[in-house]
Protein chains: 2
Amino acid sequence: MPVYRAPVQDFLFLANELFEIEKQRDIPDFKEVTSDLLEDIFTNAGKFAEEVLQPINQSGDEEGAHFENGVVRTPKGFKEAYKQFCEAGWGALSAPAKFGGADMPMLVNLAVGEMMQSANQAFAMYPGLTGAASGALLATGQPWMKENIATKMISGEWAGTMCLTEPGCGTDLRLMKTKAVEQPDGTYKVSGTKIFISGGDQDLTDNIIHMVIAKIPDENGKIHDDLSTVNFFMVPKFLVDEAGKMGTRNSVNTGGIEHKMGIKAQATCVLNFDEAKGWRLGPKPVLPKPGEKRSASAGMAGMFGMMNAARLGVGIQGVSIAQVALDNAWDYVHERRVGHALTGPKEPDKSADLEIVHPDVRRMILHCRSFVEGARALAMWTTINHAIMDSDRADKDQAGLLADLLTPVIKAFFTDMGFDCANMAMQCYGGHGYIRDNGVEQFVRDARINQTYEGANGVQAMDLVGRKLGRKGGAAPMAYLQVVGSWLSENEKDETLAAYVKPVKRGLDILQQATMWFAQHGLQNPNDAGAGAVDYLRLMGIVSVGWMWARMAKLAAEKLKSNPPNAEFYQGKLVSARYWMERMIPECPMLFERIQAGSANLMALEPATA
Amino acid sequence: MPVYRAPVQDFLFLANELFEIEKQRDIPDFKEVTSDLLEDIFTNAGKFAEEVLQPINQSGDEEGAHFENGVVRTPKGFKEAYKQFCEAGWGALSAPAKFGGADMPMLVNLAVGEMMQSANQAFAMYPGLTGAASGALLATGQPWMKENIATKMISGEWAGTMCLTEPGCGTDLRLMKTKAVEQPDGTYKVSGTKIFISGGDQDLTDNIIHMVIAKIPDENGKIHDDLSTVNFFMVPKFLVDEAGKMGTRNSVNTGGIEHKMGIKAQATCVLNFDEAKGWRLGPKPVLPKPGEKRSASAGMAGMFGMMNAARLGVGIQGVSIAQVALDNAWDYVHERRVGHALTGPKEPDKSADLEIVHPDVRRMILHCRSFVEGARALAMWTTINHAIMDSDRADKDQAGLLADLLTPVIKAFFTDMGFDCANMAMQCYGGHGYIRDNGVEQFVRDARINQTYEGANGVQAMDLVGRKLGRKGGAAPMAYLQVVGSWLSENEKDETLAAYVKPVKRGLDILQQATMWFAQHGLQNPNDAGAGAVDYLRLMGIVSVGWMWARMAKLAAEKLKSNPPNAEFYQGKLVSARYWMERMIPECPMLFERIQAGSANLMALEPATA
């Protein structure tokens, strides 16, 4: 049976030693965070993930979610695990204390989330989406919703969903057909079909609060193919009153669940809204006057807030799956014997050496480890930037720019790498990896969804290149180049760090040139921006994780000077850092070369549509 | 429902125009091959693949193979399709006429095989393995086996398998435990457990001829952990006499079938041999005397012959899956509407443009097409080298070296790329790709096995670097560099071809340097060879396919001068060629940089086992 080992030590290293959270009391989010508290939370979350969620991951995949007579049932053990999850308060960690939360910073939530997703992605998505939905309700809802609805979601008594996608509309929300018609009492009747709704129905909670985007028809009852009238609604499965009391069933019905490649224990639902009662969230929409330009409505903001958090969360799923896949591959290559070391048998008395003796196996293992630990550091750094945004620090605006810039990078680069790592881990098993019983192929199937949901990775790249690079005169990439560049300048004189600092400097220089290239070519020919976006995002991902590795290598080298009892941990960091420098940074010139190829040949593929 | 369009036109282009098979009558294999004959075979094979095999591919995956009461049953429709397959003689194509075959060259078999595998990999493996087994029997068996057993396999009346892997032994055959004890009548009693046996049992044929490797115990009854006594045996499911008459059941039993990630309609069996009657193939083994060095037995040769053909076949499976995944993605991006072209709406009267307008979607489509068509050319070129080996040409030895050198490259590079392409095709569907009904995720799951069976891809890379580079003083890589280099020299003066010739020259120069690097470092430190083997194999794959693209681009440019009616076909070739030059060749310097990083850091991962 597959294993999972929660990387508690690594989280504590990052929070306490690399980012020194305890020393940053000026940031409101970190005011009451101590290393003892973090250790306590991470240890218990890790234990819960290992002992409660991981044991029902493979069985959940095998059994899958059920749909019978219009009702969804989760696999065996999910109900009990969910009850324990709520009792331990894992879903309430980062919610505000006044709504029943624990007021923990996003950093804690992300670490805990990573562990839960490693252990059981299909399970963790149920409370994960509830967290996103309650967060959106707190941001946009009326007081009674926050006090009497969101609180029940934070406790886990009720769940939440995000209802965006429709049969004819995923990436392109303009094409949405679901409509919301205002009623005399100020509520709306919501009608339409939403698909791919994770946790759209389940048997874990008494009620489900659907966060729905829908269009308000214009004065002539017409639905426009643009974003002007898209608004954000709360549509409960069972009706609620302002006191939070549950009433009769709302007209939201489950049309079915999807049969998917992976995350099979997660019920991905078709939801039919048939004049379902909904409450509009956010400010009253101002309908454009005839002839007036139709731009995105204010109601979209609530949804985007929810989606940004979700994008980071999905990026973390890439790390989660890579970590658990690595744990299992690690064990396998330390048990399985095949061939002899190329330099002669390591264990001549045994019939063969362990698989780990082979350089190519080590390459695959290190690829996973170098990604997982480097990406984890970058994710934590990004949550710290989020925390700085709410502080009085001089660099708070810069922190916001950086967090915003890196969100699509984390979503797409981490999930692409996570999928690759799951495959490499599977490859370590040889043919045995292909057998379902061994559990590792599930990680590949589960990891695959992360590259497409919450905005397919190509769309993330367009968000980065098409929106984030140019906004405010290029303020975000300039801030990025400045922050990383300064660190490198400060450390480039230390010859002992040259093996880490120089490669990152090389990568950063190329990233700077690539950024300039987009500034010059992207406006002239937007197709050039589109053609190179995916490569650019990867370039930024490699440089960003590389910078984290340079920082960790510096710290590890420093720690090793005092010959600490956990020297092996720091030595391991140096090896992983070196891997990134030797085998990932060399991608940078290749990516830039591809970017510079532009779009001409791609557009020649089919001139008629170019 | 998924589609498949057999690339008949492309096969004919390669055979008739690029390689001009009709003009090579001096090669015995091609003596009677005409373009009319090829067109007839390819068209009919394509039709069979499209109309008979493809329609039961998705249902076969959904239903899977069954195992009940010790008996295997294939999914609905497989029996009928198999009957049609045999009646049409698709399994007999390249077998010798005197044993009931059609005497077609390997080139034809590979093209037909590609189409069958595209349409239904799980199905095509049943006759595919039978072909490998009957080929081995023809190469190593006694006359009665060829005349009365192999003939029944060629007609498809009986099937065949390859029984190599055991629970404790896959890559490392030294560890094999299955033993074969000689009986007074010269036959053997074979005992042991074989796993991962494709087509190990099924309900398609009356009998199954298992080709089994097993160890003959030494004079003291001992089984050694080396290859010295490994021999090759024919072990039928039902006993046979020398006239080919079927008798009672042999003691070979199916222990179960594996539940796998993909190729679910293919029965992957555990076979238990319990003193099963077997016939030794090949020359009588000479047991080493006490104290004598124990080297591989002559019996291994038969198995390796079978495996080499199988490795090429698996490489083709990489192309097959990429082709069918591309076909489906192509249709999807021409139906699905999302967003507008970056340069402004292409169809302003529609709510959105087709997905194909987006540069990044074109990048994914072209990646697949450029791989599929370039790889197909390289595979055909390799089969032509096989054919040249049996001719009187001056370069027949060189042809053998080239075919041998490229076998692991085709197996590993094609299956890695095939998996990537299946994933890219799936990515074109966004979230819809993750839904089983849409069929594209099956391609990803099916494609994944190709990277591990018939020798995991890392093992292929070690075969290339550890065995094939150095053998006969480096004759194979020297021949390769000379052949490709000469072509480039002949064409480098043509400025109109510079966009194709120069990138390949760049790649070849790097490949040459990398080959030198291995010659210098690999002997000094074998771990350096192991650490860079996978990157080197990929480098050779990229350069080799690049060379095919340069040749095809030259031909296409030439053809376009006369403004042919199928100009679009040749223009498409130029676009695909350009893609490879712009976006694949730039990997070459990166791969060489990684190779030069060597093994030091990988071995530092865990010093205790290094």
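Residue positions are counted from 1 within each chain, in the order its sequence is given. For this description, chains carry letters from A and ligands carry numbers from 1, given in the order in which they are written. With pLDDT at 70 or above as the cut-off, local features in this predicted model cover only qualifying residues; side-chain atom pairs require 80 or more to be listed or tallied, and sums for whole chains, interfaces and linings still use all residues. Values reported for side chains reflect all heavy atoms of the structure, with hydrogen atoms and water molecules removed beforehand.

Caption draft 1: Seen up close, the overall build of chain A. In terms of regular secondary structure, chain A is built from 18 helices and 11 strands. The C-alpha radius of gyration of chain A comes to 25 Å, within 12% of the 25 Å expected for a compact globule of 610 residues. Taken over the C-alpha atoms alone, chain A extends approximately 80 × 55 × 55 Å along its principal axes. Counting all 610 residues of chain A, 64% fall into the buried class. Here, residues are in contact when the closest pair of their heavy atoms is within 4.5 Å. When contacts within chain A are restricted to residue pairs at least 6 apart in sequence, long-range pairs at least 24 apart make up 75% of them. As displayed, chain A has an accessible area near 21,700 Å², and 52% of this comes from carbon and sulfur atoms. Counting from the N terminus, the helices are the DSSP runs of H or I reaching at least four residues and the strands are the DSSP runs of E reaching at least two. The reference for a compact globule is 2.2 Å times residues^0.38; the radius of gyration itself is calculated from the C-alpha atoms. Per-residue accessibility, obtained with a 1.4 Å probe over protein chains only, is compared with the maximum for each type, and a residue is labelled buried under 20%, exposed over 50%, and partly exposed between these values. Areas reported as accessible are Shrake-Rupley estimates using a 1.4 Å probe. Residue values count occlusion only from the protein chains shown.

Caption draft 2: Spatial organisation of the packing of helix α2 (residues 35-53) of chain A against helix α5 (residues 106-119) of chain A. Residue and element names in this part refer to chain A. Between N-to-C directions, angles span 0 to 180 degrees; the directions come from axes that are lines fitted to C-alpha atoms, helices contributing only their stretch in contact. Interaxial distance between α2 and α5 falls to 8 Å at its minimum, and their mutual angle equals 20°. Here α5 runs roughly parallel to α2, going by the angle between their axes. Like other packed secondary-structure pairs, α2 and α5 cross with a definite hand, here right-handed. Taken together, the residues of α5 that come into contact with α2 (itself represented by L38, I41, F42, A45, G46, F48, A49 and L53) are L107, V108, A111, V112, M115, M116 and A119. When its residues are assigned to classes, the contact of α2 with α5 shows 14 nonpolar, one polar and no charged. Any angle that is under 35 degrees is reported as roughly parallel, and any over 145 degrees as roughly antiparallel; angles of 65 to 115 degrees are reported as roughly perpendicular and all others as oblique. In this scheme, a crossing is called left-handed if the near helix is turned counterclockwise away from the far one by less than a right angle; it is called right-handed if the turn is clockwise. Under the convention adopted here, Pro, Cys and the residues Ala, Val, Leu, Ile, Met, Phe, Trp and Tyr are nonpolar, Asp, Glu, Lys and Arg are charged, and Gly plus all remaining residues are polar.

Caption draft 3: Representation of the domain arrangement of chain A in the model. All names here are of chain A. All the domain ranges listed were derived from an automatic or database domain assignment. Taken as a whole, chain A is organised into domain 1 (8-154), domain 2 (159-286) and domain 3 (472-600). Placing the centre of domain 1 and that of domain 3 at their C-alpha centroids yields a distance of 31 Å. The interface is formed by seven residues belonging to domain 1 together with nine residues belonging to domain 3. By buried area we mean how much accessible surface two parts lose on assembly, using a 1.4 Å probe and totalling the loss over both. Of the roughly 750 Å² buried where domain 1 meets domain 3, counting both sides, 67% is carbon and sulfur surface. Three residues stand out in domain 1 for area buried against domain 3, namely F13, E17 and L18, and they jointly supply 62% of the buried area on that side. Between Lys or Arg on one side and Asp or Glu on the other, a salt bridge is scored when a side-chain nitrogen of the former is within 4 Å of a carboxyl oxygen of the latter. Linking domain 1 with domain 3 are two salt bridges. Counting of polar contacts relies on pairs of N or O atoms within 3.5 Å, with two restrictions inside protein: one atom must be capable of donating a hydrogen and the other of accepting it, and residues adjacent in sequence are counted only when both atoms are side-chain atoms. One can count two residue pairs in polar contact (both at pLDDT 80 or more) joining domain 1 with domain 3. Its residues assigned to classes, the side of domain 1 that touches domain 3 shows four nonpolar, one polar and two charged.

Caption draft 4: Up close: the pattern of salt bridges. Considering all chains together, one arrives at 72 salt bridges over all chains under this definition. Between D535 of chain B and R583 of chain A there is a salt bridge; the shortest N-O distance is 3.7 Å. Taken as a pair, D535 of chain B in helix α15 (residues 526-560) and R583 of chain A in helix α16 (residues 567-584) lie in two separate chains rather than in one. For D535 of chain B, a relative accessible area of 4% puts it in the buried group. Overall, R583 of chain A belongs to the buried group, its relative accessible area being 2%. In this structure, E68 of chain B and R73 of chain B form a salt bridge, with 3.4 Å as the shortest nitrogen-oxygen distance. Via salt bridges that share partners, R311, D404, D463, R467, K468 and R471 of chain A belong to a single interconnected network.

Caption draft 5: Structural context of the relation of the copies chain A and chain B. Overlaying chain A with chain B gives an RMSD of 0.0 Å, the required rotation being 180° about an axis along which the chain moves by 0.0 Å. Taken together, these values place the two copies in the relation of a two-fold axis. When each C-alpha of chain A is compared by its distance to the rotation axis, M590 of chain A comes out closest, at 3.4 Å. Of the residues that chain A buries at the interface, 100% are likewise interface residues in chain B, meaning the two copies contact each other through the same surface. Here the copies are matched by least squares. The fit uses the C-alpha atoms of residues with pLDDT of at least 70 in both.

Caption draft 6: Seen up close, unusual backbone geometry. All names here are of chain B. Its identity as a non-glycine residue notwithstanding, N69 has a phi of 50°, on the positive side. Along the chain, the position of N69 falls in the loop between β1 (66-68) and β2 (71-73). Positive phi, close to 55°, is recorded for E454, a residue that is not glycine. Tracing the backbone through its elements, the reader meets E454 in the loop between α11 (440-450) and α12 (457-468).

Caption draft 7: Quick look at the packing of helix α17 (residues 587-596) of chain A against helix α17 (residues 587-596) of chain B. Relative orientation of the contacting elements α17 of chain A and α17 of chain B amounts to 180°, with a least axis distance of 8 Å. Put simply, α17 of chain A runs roughly antiparallel to α17 of chain B. Where α17 of chain A abuts α17 of chain B, its residues E587, M590 and R594 of chain A lie against E587, M590 and R594 of chain B. Class assignment of the residues belonging to the contact of α17 of chain A with α17 of chain B gives a composition of two nonpolar, no polar and four charged.

Caption draft 8: Inspection of the side chain of R369 of chain B at higher detail. By secondary structure assignment, the location of R369 of chain B is in helix α9 (residues 359-389). For this count, His and the chain ends are skipped, Lys and Arg are scored as positive, and Asp and Glu as negative. Buried charge without a partner: R369 of chain B forms no salt bridge, and the closest opposite charge is E373 of chain B, 4.1 Å away. Each residue touching R369 of chain B, except ones within four places of it in the same chain, is listed here: L605 of chain A together with L326, W549, G572, V575 and S576 of chain B.

Caption draft 9: How the structure looks around the interface of chain A and chain B. Facing 89 residues of chain A, the contacting portion of chain B comprises 89 residues. When the area that chain A buries against chain B is broken down by residue, the three leading residues are Y434, R583 and L605 of chain A, summing to 11%. Linking chain A with chain B are six salt bridges. At the boundary of chain A and chain B, one finds 38 residue pairs in polar contact (both at pLDDT 80 or more). Among the elements that take part in the side of chain A that touches chain B, helix α9 (residues 359-389) of chain A stands out by supplying seven residues, more than any other. Residue classes in the side of chain A that touches chain B are distributed as 37 nonpolar, 25 polar and 27 charged.

Caption draft 10: Highlighting the side chain of N527 of chain A. As for its position among the elements, N527 of chain A is in helix α15 (residues 526-560). For N527 of chain A, the residues in contact, after removing those within four places along its chain, are S599 and M603 of chain A together with L342, T343 and P359 of chain B.

Caption draft 11: Examining the packing of aromatic side chains more closely. Here the aromatic set is Phe, Tyr and Trp, taking the six-membered ring for Trp, and pairing holds for ring centres within 6.5 Å; pairs whose planes are under 30 degrees apart are stacked, those over 60 apart are edge-to-face, and all others are tilted. A complete count under the given rule lists 37 aromatic pairs over all chains for this structure. Here F85 of chain A and F123 of chain A contribute two aromatic rings whose centre-to-centre distance is 5.9 Å and whose plane-to-plane angle is 65°, an arrangement assigned as edge-to-face. Highlighted residues: F85 of chain A in helix α4 (residues 78-87) and F123 of chain A in helix α6 (residues 121-140), separated in sequence by 38 residues. F123 of chain A matches F85 of chain A in its accessibility class, with the two residues each being buried. Residues Y188 of chain B and F233 of chain B carry aromatic rings whose centres are separated by 5.1 Å and whose planes lie at 65° to one another, so their mutual orientation is edge-to-face. With Y188 of chain B in strand β5 (residues 188-198) and F233 of chain B in strand β7 (residues 230-236), this pair connects stretches of sequence that are 45 residues apart. F233 of chain B matches Y188 of chain B in its accessibility class, with the two residues each being buried.

Caption draft 12: The pairing of strand β6 (residues 207-215) of chain B, seen in detail. Residue and element names in this part refer to chain B. Counting buried residues in β6 gives nine out of nine residues, a clear majority hidden from the surface. The side-chain alternation of β6 yields two buried faces, one formed by N207, I209, M211, I213 and K215 and the other by I208, H210, V212 and A214. Two strands are counted as paired when DSSP detects at least two bridges linking them. Sheet topology places strand β3 (residues 158-163) next to β6; six bridges connect them, and they run parallel. Residue pairing for β6: A159 is matched across the bridge by I208. Pairing of β6 with β7 involves seven bridges; the strand directions are antiparallel. Within the sheet, the bridge partner assigned to M211 lies in β7 and is M234.

Caption draft 13: The arrangement of a negative patch on the surface in detail. A grouping of E22, D36, E39 and D40 of chain A is seen on the molecular surface, where their side chains present a negatively charged patch. Position of E22 of chain A among the secondary structure elements: in the loop between α1 (8-18) and α2. Each patch is built from residues lacking any salt bridge and having more than 30% relative accessible area; the joining distance is 9 Å for like charges and 5 Å for nonpolar side chains (Val, Leu, Ile, Met, Phe, Trp, Tyr). For the purpose of locating charges, the reference atoms are NZ of Lys, CZ of Arg, CG of Asp and CD of Glu.

Caption draft 14: Main features of the nonpolar core. What we call a nonpolar core is a set of buried Ala, Val, Leu, Ile, Met, Phe, Trp, Tyr and Cys residues that are connected through their side-chain atoms within 4.5 Å. Of all hydrophobic cores here, the largest spans 359 residues; its most connected members are F42 and Y480 of chain A together with F42 and Y480 of chain B. Among all residues touching Y480 of chain B, those that are not within four sequence positions of it are L402, L405, L406, G485, L508, L511, M540, V543 and S544 of chain B.

Caption draft 15: Examining helix α16 (residues 567-584) of chain B more closely. Taking 1.5 Å per residue, 18 residues should reach 26 Å; α16 of chain B reaches 25 Å between its end C-alpha atoms and fits that length. Of all the 18 residues making up α16 of chain B, 15 are buried; the element is thus mostly covered by neighbouring parts of the structure. Here the expected length of a helix is defined as 1.5 Å per residue gap, with one fewer gap than residues.

Caption draft 16: Geometry of α15 of chain B. If you check α15 of chain B, its first and last C-alpha atoms are 50 Å apart, about what 35 residues at 1.5 Å a residue would give, namely 51 Å. Most of α15 of chain B sits out of view: 28 of its 35 residues are buried.

Caption draft 17: Examining the environment of Q121 of chain B more closely. Residues and elements named next belong to chain B. For Q121, the position within the fold is in helix α6 (residues 121-140). Along the chain, Q121 and I263 lie 142 residues apart, while their C-alpha atoms are 6.9 Å from each other. Not counting residues within four places of it along the chain, the set of residues in contact with Q121 comprises N57, M116, I263, Q317, I321, D446, I449, N450 and Y453.

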